[in-house]
Amino acid sequence: MNPLRRLLVHVDGSPRSSQRLQLARELAQSCDAGVTAMLAVEPAWVAVPMAGMGDAGGAIMLQAADDERRQRARAHFDEQMATPGPGVTWCDAGPSPILTAFAQRALYNDLLVMGQHDPDDALAWGVPGDFVPSVVIASGRPTLVVPSAGKWTGIGRRVLVAWKPTREAARALTAALPMLQSAQAVDVALWSEPADDRDGSQSAARDVWLEDWLQAHGVQAQMLHQGSNGRGVGDLLLSLAADRGSDLLVMGCYGHARAREWLLGGVTQRVLRSMTLPVLLAH
């Protein structure tokens, strides 16, 4: 049974929203899934809270900025929907807090499609820099993060899986199964942890279990042993993805929440900051 039946795409005022919508529609076509596009951005008064205080003109300007951003987002949506492909349902979070609104809607979807934060994209204002990891951790839903640069279509032909024996990696692997089963090539990067297993026997056994599990689900994968786990794994993953010609990276998202301060593992931070291909994350 295909576990991907409902996809939720985050849209904002940036043209990159069209890229995410296109990718989501392609996935929906292959998985026979429904797609919802949700406009979720912080209101302008959050970015400039003093601008409208005690000044009717300032408040009007802020509202006009919000309206213009929504119109631009809807225009990108309508332009994408004019191309052939599955239909998409539109919804607008309105003035609700962006994290609460999107994370709550995410609970009723199987896969989220979001964009890498680009601090230089002025049209994406209203989307916090920590929005992606915040949603991943708050919702617990697997999330496909699309890079802020480049064009990405037909992903999932060559998939690289970053594996370590953790629940986060297992959840990411399970979420990616439909893509792995249809991929032309699947590589699994494994990092051993000799401090936990000095003779290597436990690591070898886990590798066999993983390969058996994949084969039981119809996935033939090449295991790539990458040595000991340590600093620089994020860069090594991105370099390996380039060497293998991967168009999708699957990995766990490591970290935990404290109010709105998200504490992420170094590998997750590095990949989200420097990603060069779409990444499927799960927490």
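Structural data are supplied above this passage.
Residues numbered from 1 in each chain as written. Predicted model: local features only at pLDDT ≥ 70, side-chain atom pairs only at ≥ 80, totals over all residues. Heavy atoms only, no water.

Draft legend 1. Structural view of the overall build of the protein. Of the regular secondary structure elements, the protein holds ten helices and twelve strands. Burial status across the protein gives 49% buried among its 283 residues. Taking contacts inside the protein between residues at least 6 apart in sequence as the whole, the part at least 24 apart equals 81%. For the protein, the exposed area adds up to about 13400 Å²; of that, 53% sits on carbon and sulfur atoms. (Helix = DSSP H or I, 4+ residues; strand = E, 2+ residues; numbered from the N terminus. Buried < 20%, exposed > 50% of the residue type's maximum accessible area, 1.4 Å probe, protein only. Contact = heavy atoms within 4.5 Å. Areas by Shrake-Rupley, 256 points an atom, 1.4 Å probe, with all protein chains shown as cover.)

Draft legend 2. Just the pattern of salt bridges, in detail. A complete count under the given rule lists nine salt bridges for this structure. Linking Arg20 and Asp12 is a salt bridge whose minimum nitrogen-to-oxygen distance equals 3.4 Å. You can call Asp12 buried: its relative accessible area is 5%. (Salt bridge = Lys/Arg side-chain N within 4 Å of Asp/Glu carboxyl O.)

Draft legend 3. Expanded view of the packing of aromatic side chains. Evaluation of the coordinates by the stated rule reveals two aromatic pairs. Ring geometry for Phe77 and Trp90: centres 5.0 Å apart, planes at 55°, overall tilted. In this pair, Phe77 sits in helix α3 (residues 56-81) while Trp90 sits in strand β3 (residues 88-92), placing the two residues 13 residues apart along the sequence. Judged by relative accessible area, which is 4%, Phe77 ranks as buried. Above the ring of Trp125, the side-chain terminus of Arg69 is found at 3.7 Å from the ring centroid. Above the ring of Tyr254, the side-chain terminus of Lys164 is found at 5.0 Å from the ring centroid. (Phe/Tyr/Trp six-rings, centres within 6.5 Å; stacked < 30°, edge-to-face > 60°. Lys NZ or Arg CZ within 6 Å of the ring centre and 35° of its normal.)

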